[in-house]
Amino acid sequence: MPAKKFIDDEQITIHVMGWLSKIFKGSNHNISEGHYYGDCVQDANYNAPSTSGDSCLEQENEDIDRAIALSLLEDNHNAKNVFDIEIQLKEDEQLAKALQESLSVESPPQYGNGIPRYGNGLPYQGNAYHPYPVHFPMGFRSCAGCNTEIGQGKFLNCLNAFWHPECFRCHACGLPISDYEFSMNGNYPYHKSCYKERYHPKCEVCKLFVMIQDRGGETESVEVTDPESIPTNPAGLIEYRAHPFWIQKYCPSHEHDCTPRCCSCERMEPQDTGYVALNDGRKLCLECLDSAIMDTKHCQPLYLDIQEFYERLNMKVEQFVPLLLVERQALNEARDGEKNGHYHMPETRGLCLSEEQTISTVSKQPRFGAGNRAMGMITEPYKLTRRCEVTAILILYGLPRLLTGSILAHEMMHAWMRLKGFQTLSQDVEEGICQVLAHMWLDSELTSTSGSDIASSSASRTTKNGTRSQFERKLGDFFKHQIESDTSPVYGDGFRAGQQAVQKYGLERTLDHVRMTGKFPY
């Protein structure tokens, strides 16, 4: 029964077409579920095979072959898409993992047991960061160092940027940073060793490292993390001192091991720098030596400047008062010969004398030879004669010009008040107003412009190049700071009370009130 067989074949074909239609559902091929539209159709009166039936079967076979080929082609296309998606997913997973590790490295410090730790669990020391080498097979990335594309191979992902390993360099030495950890200052990376050398403070006397972790005034205690650091105390901590103005850091032991200080700026002498040794045992740093006044003759121009300063304040000193530069011993002997007077301890650097004495004054400045020792200084006696209430002003020799001038301005105020007949004043009032005048003179020197007043002429005679150096200006600020921060009840509190009165009422009205009442006006 061929017809039945054909019908069965057609039914089989219909089932095959249904399976194909599930694969190509939605395609533009002319196939629908349950029906096949070919070139032949089924005839109910057909009872025998014919050549047209063979042609129909051949057409069906060709259509099936074409459908299978299209199915295989589409399967191949879909498989390629799946493979591409898998590659992209793998790349995204790698990128996400790298970003996660980078975020873990640069996460905020976690505090436990008082020790800050980063995400990797390592102790935090300074601004330490960890460059993480990452390898990606593809993708466009630009190096933050050379601004070129990063191709295949390793690169660093740190500081929110990508780098060639050879482009991530230390800001100090310029060499690539290959260590796992590095330090930051601002936006610049450093080798840990370079950062330590540049930013970790050292004792400025013995040059050992100071490892800072917190600041608490002039004395700091820190945990020892470096075997080359300042020696520890019994508690395993290191302590060091810092000068309140110069911020010079040094080991506490240097306060007791005879390390000398400059008699002018008070800085300690570094072990690799030789201070100048004066004849009376004092030490002078080389920077203070540059403007130091060494004998009586070379101090006379400065004395004239101070006199002119007083004249501008309508406080001219009419009588002649000798000015003498002396050594420490001569100054102390003259102080002992005075009946009255209050002297600033621990060392007196100036005196206004009222008694007749014979003073040994420095008449020729020393020269400095081997070992920076003073040689060839000449002193000679000077007999003081009492012609008025003031017999002489004595100043310690070998001090910088600005310090010598401030001491001279202070002692000139003592002389002026005595010559003007001021009654005996309390120590805080007399010394306080004298400190006010010393502070005013320093102010006038530091705020003056070159060539506009007396400061320029004095500077041109007392410095080598005729101008005030940056250090000399800093030194002047230090001398003002000494006056302002003095804690003594006579000089410190007296200055602050006098300064407040002068700022409120002016110098002339303040002096009139002191003359009449012996006290500062409120």
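Scoring rules and cut-offs
- Residues numbered from 1 in each chain as written.
- Predicted model: local features only at pLDDT ≥ 70, side-chain atom pairs only at ≥ 80, totals over all residues.
- Heavy atoms only, no water.
- Core = buried A, V, L, I, M, F, W, Y, C linked by side-chain atoms within 4.5 Å.
- Buried < 20%, exposed > 50% of the residue type's maximum accessible area, 1.4 Å probe, protein only.
- Helix = DSSP H or I, 4+ residues; strand = E, 2+ residues; numbered from the N terminus.
- Contact = heavy atoms within 4.5 Å.
- Salt bridge = Lys/Arg side-chain N within 4 Å of Asp/Glu carboxyl O.
- Pairing = 2+ DSSP bridges.
- Axes fitted to C-alpha atoms, helices over the stretch in contact; angles between N-to-C directions.
- Parallel < 35°, antiparallel > 145°, perpendicular 65-115°, else oblique.
- Left-handed = near helix turned anticlockwise from the far one by under 90°.
- Nonpolar A, V, L, I, M, F, W, Y, C, P; charged D, E, K, R; others polar.
- Phe/Tyr/Trp six-rings, centres within 6.5 Å; stacked < 30°, edge-to-face > 60°.
- Lys NZ or Arg CZ within 6 Å of the ring centre and 35° of its normal.
- Polar contact = N/O pair within 3.5 Å; in protein donor to acceptor, adjacent residues only side chain to side chain.

Asker: Tell me about the nonpolar core, residues and numbers included.
Answerer: Core analysis: the largest hydrophobic core is formed by 78 residues, its most contacted members being L394, M413 and I433. A per-element tally of this core places helix α7 (residues 401–419) first, with ten residues. Beyond its immediate stretch of four places on either side in the chain, L394 contacts L324, V326, L331, A334, R349, G350, L351, L353 and I359. Core analysis: the next-biggest nonpolar cluster, separate from the first, contains twelve residues, A161, W163, Y190 and Y195 among them.

Asker: Can you tell me about the pattern of salt bridges, naming the residues and giving the values?
Answerer: Applying the stated criterion across every chain, the model contains eleven salt bridges. The partner of E389 in a salt bridge is R386, with the nearest N and O atoms 3.3 Å apart. A residue is classified by how much of its surface remains accessible, and E389, at 41% relative accessible area, is partly exposed. Its salt-bridge partner being D443, residue K480 comes within 2.6 Å of it at the nearest N-O pair. Highlighted residues: K480 in helix α10 (residues 470–485) and D443 in helix α8 (residues 427–447), separated in sequence by 37 residues. Since its relative accessible area comes to 29%, D443 is described here as partly exposed. Members of the salt-bridge network, linked through shared partners, are D305, R401 and E445.

Asker: A description of the sheet that holds strand β17 (residues 323–326) should follow, citing residues and the corresponding values.
Answerer: Strand order in this open sheet of three strands is β17-β23-β18, and the pairing throughout is mixed. A single partner strand is all that each edge strand has here, and the edge strands are β17 and β18 (350–353). Here the strands of the sheet are splayed against their neighbours by 20 degrees on average, with no regard to which way each runs. Pairing analysis gives four bridges linking β17 to strand β23 (residues 392–396), with the strands arranged parallel. Residue pairing for β23: V326 is matched across the bridge by L396.

Asker: So what's going on with the side chain of R267? Which residues, and what values?
Answerer: Inspection of the secondary structure puts R267 in the loop between β13 (249–250) and β14 (276–277). Setting aside residues no more than four positions away along its own chain, R267 makes contact with W246, Q248, P260, R261, C262, Y275, C285, E287 and F471.

Asker: Give a detailed account of the packing of α8 against helix α11 (residues 491–505), specifying residues and quantitative values.
Answerer: α11 packs onto α8 with a crossing angle of 65 degrees between their chain directions and a minimal axis gap of 7 Å. Between α8 and α11, the interaxial angle falls into the category roughly perpendicular. When the axes of α8 and α11 are compared, the crossing they make is right-handed. Seen from α8, the contacting residues are D428, E431, G432, I433, Q435, V436 and H439; seen from α11, they are Y491, G494, F495, G498, Q499 and V502. In terms of residue class, the contact of α8 with α11 is built from five nonpolar, six polar and two charged.

Asker: Provide a residue-level description of unusual backbone geometry, including the pertinent values.
Answerer: In this structure, N147 is a non-glycine residue whose phi angle is positive, near 60 degrees. With relative accessibility at 62%, the residue N147 sits in the exposed group. Residue N314 is not a glycine yet carries a positive backbone phi of 60 degrees. The residue N314 is located in the loop between α5 (296–312) and β17 in this model. Overall, the relative accessible area of 70% leaves N314 in the exposed class.

Asker: If you had to explain the packing of α5 against α8 to someone new, which residues and values would you point to?
Answerer: Where α5 meets α8, the axes come as close as 12 Å, and the angle between the chain directions of the two elements is 105 degrees. The angle between α5 and α8 places the two elements in the roughly perpendicular class. Seen from α5, the contacting residues are L302, I306, F309 and Y310; seen from α8, they are L437, M440, W441 and S444. Its residues assigned to classes, the contact of α5 with α8 comprises seven nonpolar, one polar and no charged.

Asker: Mind laying out the packing of aromatic side chains, listing which residues take part and the relevant values?
Answerer: What the rule picks out here adds up to eleven aromatic pairs. Considering the side-chain rings of Y190 and Y195, the 6.1 Å spacing of their centres and the 65 degrees angle between planes classify their relative orientation as edge-to-face. On the basis of an interplanar angle of 85 degrees and a centroid distance of 5.9 Å, the ring pair of F309 and Y310 is categorised as edge-to-face. One exposure class covers both F309 and Y310, and it is buried. Each residue in the set F245, W246, F471, F478 and F479 is aromatic and connected to the rest through ring pairs, giving one cluster. Above the face of the F162 ring, R141 is positioned so that its terminal group lies 5.7 Å from the ring centre.

Asker: Give a description of the side chain of H410 that names residues and reports values.
Answerer: Turning to its location among the elements, H410 is positioned in helix α7. The exposure class assigned to H410 is buried, which follows from its relative accessible area of 6%. Of note is the side chain of H410, whose polar atom sits 2.9 Å from the side chain of Q435. Not counting residues within four places of it along the chain, the set of residues in contact with H410 comprises E431, C434, Q435, A438 and Y491.

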